[in-house]
Amino acid sequence: MIATCPECAAEISLPADTLESEIISCPECGAELEVISLTPPTLALAPEVEEDWGE
Amino acid sequence: MDIDEVNFLTAMLRIPSVSGQEAEVANFLVAQMHGFGWETYVDPSGSAIGHLGDSGPLIVLLGHIDTVPGNIPVRIEGDLLYGRGSVDAKGPFATFVMAARRAQLAGTLRCRIALVGATEEEAASSRGAHYAKDQYAPQFCVIGEPSGWDRITLGYKGRLLAHYYYEQDAAHSAGEERAAPEHMTDFWAAVQSLCAKHNQGHTRLFEQMIPSLRRVASGGDGMSDWVEATIGIRLPEGVNPAALADELEAMAMPATLRCEGGCPAFRSPRTTPLVSAFMRSIRKAGGQPGFLHKTGTADMNVVGPAWGCPIVAYGPGNSQLDHTPNEHISISEYRTAIAILSDVLSQVG
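Source: prediction; values computed, not measured. (Residues numbered from 1 in each chain as written. Chains lettered and ligands numbered in written order. Predicted model: local features only at pLDDT ≥ 70, side-chain atom pairs only at ≥ 80, totals over all residues. Heavy atoms only, no water.)

Peptide bonds are mostly trans, and most non-glycine residues show a negative phi. With omega at 0°, the peptide bond leading from D88 of chain B into A89 of chain B counts as cis. Take A89 of chain B: it is sitting in the loop between strand 5 (80–82) and helix 3 (90–106). Following M253 of chain B, the chain continues into P254 of chain B via a peptide bond in cis, with omega recorded as 10°. Along the chain, the position of P254 of chain B falls in the loop between helix 6 (241–252) and strand 12 (256–263). Positioned with a positive phi, S21 of chain A is a non-glycine residue whose angle comes to about 75°. Examined against the element boundaries, S21 of chain A turns out to sit in the loop between strand 2 (11–13) and strand 3 (23–25). Overall, the relative accessible area of 4% leaves S21 of chain A in the buried class. Of note in this structure, H323 of chain B is not a glycine but carries a positive phi near 65°. Secondary-structure assignment places H323 of chain B in the loop between strand 15 (311–314) and strand 16 (328–330). Relative accessible area serves as the criterion here: at 39%, H323 of chain B is assigned to the partly exposed category. (Helix = DSSP H or I, 4+ residues; strand = E, 2+ residues; numbered from the N terminus. Buried < 20%, exposed > 50% of the residue type's maximum accessible area, 1.4 Å probe, protein only.)

The following block contains the structure:
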């Protein structure tokens, strides 16, 4: 499966056992990407990490 | 024998368990989990342990069962369950127990689970987590802390506690000699300055050194005057607590400084199958998953570096209510979090 990095447009080869909602790193730009669909393979930037007080 | 999810948490909340006094709630948990047919015991650190599952990878569900002081009458008002520890962190640990039970009853469990109801997280000792660290080598770990049902915590800042003490011969307040408390305020100002210098150019709280003056006391008996204070510093990644303690001790002289609870910051990657499982489960429940880095410190800081496995913190509740007199949890959120974690446990394996 081939998908495109939405950040740098690199073509990324996804392993056959990839599941939806997996987070991967783009090997080209390092952006963290979420697999939002397998049909067709589609990637989106993973949600920002927020900061929170507590514990 | 099974127990209703809300009754289970309510019963936990009715048992006071300030740090160091967790025996009664630990015994309650062991009895409840034993009733599910699980292998249970109280370990040497006082933590309540439950084991279930025969095969598959080991996942440790570790949540603390001690609380900070403060009696909050246990009561239900509409959807809200009030009580000390409802958010931090009996609610999350009750979620763990109930989710494991639900997955087991559904026959969907594909992993072995070790539930650790850990002691003294709210103390500098983190006794339960330190003991557990050497008992398990899990493939996955979830720490029980409030993230909210649809969010996942990936990291916590580090921490250092510094206890300052200074004593000098008594002197007249109209004299040249500076009062003992003034020496302490000089040191506090120096700590603030040290942190401000580190924080230049760092806009994210997770990257900053954040000091807090936790306690001050002073006095005298006519022969000598003294001052003591406790300062806490929340540490970003890259700051070594032991090295910082050495630096602070040098700054404090001639006062004495005793540091404890040194714990480096810890951050887990999110490119793991555990995070993916949570994301799928949260989406399945209609949520939009979010990620958190916390300004506080938790048992993740203790076991995360030692175990080196995929790890997150998860649990229902709003951490803004931690340690407050208004601590309460949404019952519907608690039930949703149980469903989500049960689904995660069915995916891990």
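In this section: the nonpolar core. Of all hydrophobic cores here, the largest spans 60 residues; its most connected members are L115 and F278 of chain B. Of all hydrophobic cores here, the second largest spans 24 residues; its members include M184, F187, M209 and L257 of chain B. (Core = buried A, V, L, I, M, F, W, Y, C linked by side-chain atoms within 4.5 Å.)

The subject of this paragraph is the interface of chain A and chain B. In this complex, chain A contributes 19 residues to the contact, which on the side of chain B involves 29 residues. Linking chain A to chain B there are four salt bridges. Of the charged contacts, one joins R151 of chain B and E50 of chain A as a salt bridge, the two residues approaching to 3.4 Å between their closest N and O atoms. On inspection of chain A and its partner chain B, the count reaches 14 residue pairs in polar contact (both at pLDDT 80 or more). Sorting the residues of the side of chain A that touches chain B by element identifies strand 3, strand 4 (32–38) and strand 6 (49–52) of chain A as the ones contributing at least two each. Sort the elements by how many residues they give to the side of chain A that touches chain B and strand 6 of chain A lands first, with four residues. Residue classes in the side of chain A that touches chain B are distributed as seven nonpolar, three polar and nine charged. Sheet topology places strand 6 of chain A next to strand 14 (residues 290–294) of chain B; four bridges connect them, and they run parallel. Bridging from a neighbouring strand, V49 of chain A pairs with F291 of chain B of strand 14 of chain B. (Contact = heavy atoms within 4.5 Å. Salt bridge = Lys/Arg side-chain N within 4 Å of Asp/Glu carboxyl O. Polar contact = N/O pair within 3.5 Å; in protein donor to acceptor, adjacent residues only side chain to side chain. Nonpolar A, V, L, I, M, F, W, Y, C, P; charged D, E, K, R; others polar. Pairing = 2+ DSSP bridges.)

So, on to the environment of C26 of chain A. Residues and elements named next belong to chain A. The residue C26 is located in the loop between strand 3 and strand 4 in this model. A relative accessible area of 3% means that C26 is categorised as buried. As for C26 and T39, which are separated by 13 residues in sequence, their C-alpha atoms are 19 Å apart. If sequence neighbours within four positions are ignored, C26 has contacts with C5, C8, A10, I12, A31 and L33.

Attention now goes to the sheet that holds strand 4 (residues 75–77) of chain B. All names here are of chain B. One open sheet accounts for three strands, arranged 4-5-16; its pairing is antiparallel. Both edges of this open sheet fall to strand 4 and strand 16, since each of them pairs with a single strand only. Neighbouring strand axes in the sheet, compared pairwise and without regard to direction, differ in orientation by 25° on average. Across three bridges, the pairing between strand 4 and strand 5 is antiparallel. Bridge pairing in strand 5 links I76 to L81. Strands strand 4, strand 5 and strand 16 of the sheet are contacted by helix 1 (residues 5–13), whose axis makes an angle of about 25° with strand 5. (Axes fitted to C-alpha atoms, helices over the stretch in contact; angles between N-to-C directions.)

In this section: the domain arrangement of chain B. Accessible area lost upon the coming together of the parts serves often as the stated size of an interface. All names here are of chain B. In terms of domain boundaries, chain B breaks down into domain 1 (5–156 + 265–347) and domain 2 (158–263). Its C-alpha centre places domain 1 at a distance of 34 Å from the equivalent point of domain 2. Domain 1 puts 14 residues into the contact, and the matching count from domain 2 is 13 residues. Of the roughly 1000 Å² buried at the junction of domain 1 and domain 2 (both faces included), carbon and sulfur atoms supply 59%. Its largest share of buried area at the contact with domain 2, domain 1 owes to A124, A265 and T297, together 48% of the area lost on that side. Applying the counting rule to domain 1 against domain 2 returns one salt bridge. Of the charged contacts, one joins R267 and E237 as a salt bridge, the two residues approaching to 3.0 Å between their closest N and O atoms. Our count for the contact surface shared by domain 1 and domain 2 stands at three residue pairs in polar contact (both at pLDDT 80 or more). The set of elements that each furnish at least two residues to the side of domain 1 that touches domain 2 consists of strand 8 (151–156), strand 13 (266–267) and strand 14. (Domains from an automatic or database assignment. Buried area = accessible area lost by both parts, 1.4 Å probe.)

Turning our attention to a negative patch on the surface. A contiguous patch of negative charge on the surface is contributed by E167, D169, E176, E177 and D221 of chain B. Judged by its relative accessible area of 41%, E167 of chain B falls in the partly exposed class. (Patch = residues over 30% accessible without salt bridge, like charges linked within 9 Å, V, L, I, M, F, W, Y side chains within 5 Å. Areas by Shrake-Rupley, 256 points an atom, 1.4 Å probe, with all protein chains shown as cover. Lys, Arg positive; Asp, Glu negative; His and termini not counted. Charge placed at Lys NZ, Arg CZ, Asp CG, Glu CD.)

So, about the state of the cysteines. Covalent bonding between the sulfur atoms of two cysteines defines a disulfide. All names here are of chain B. Taken as a whole, this structure holds zero disulfides over all chains when the rule is applied. The thiol sulfur of C195 is not disulfide-bonded, and the nearest other cysteine sulfur, from C259, lies at 12 Å. Sulfur of C263: no disulfide; nearest cysteine sulfur belongs to C141 and is 14 Å away. Taking relative accessible area as the criterion, C263 reaches 7% and is therefore assigned buried. (Disulfide = S-S within 2.5 Å.)

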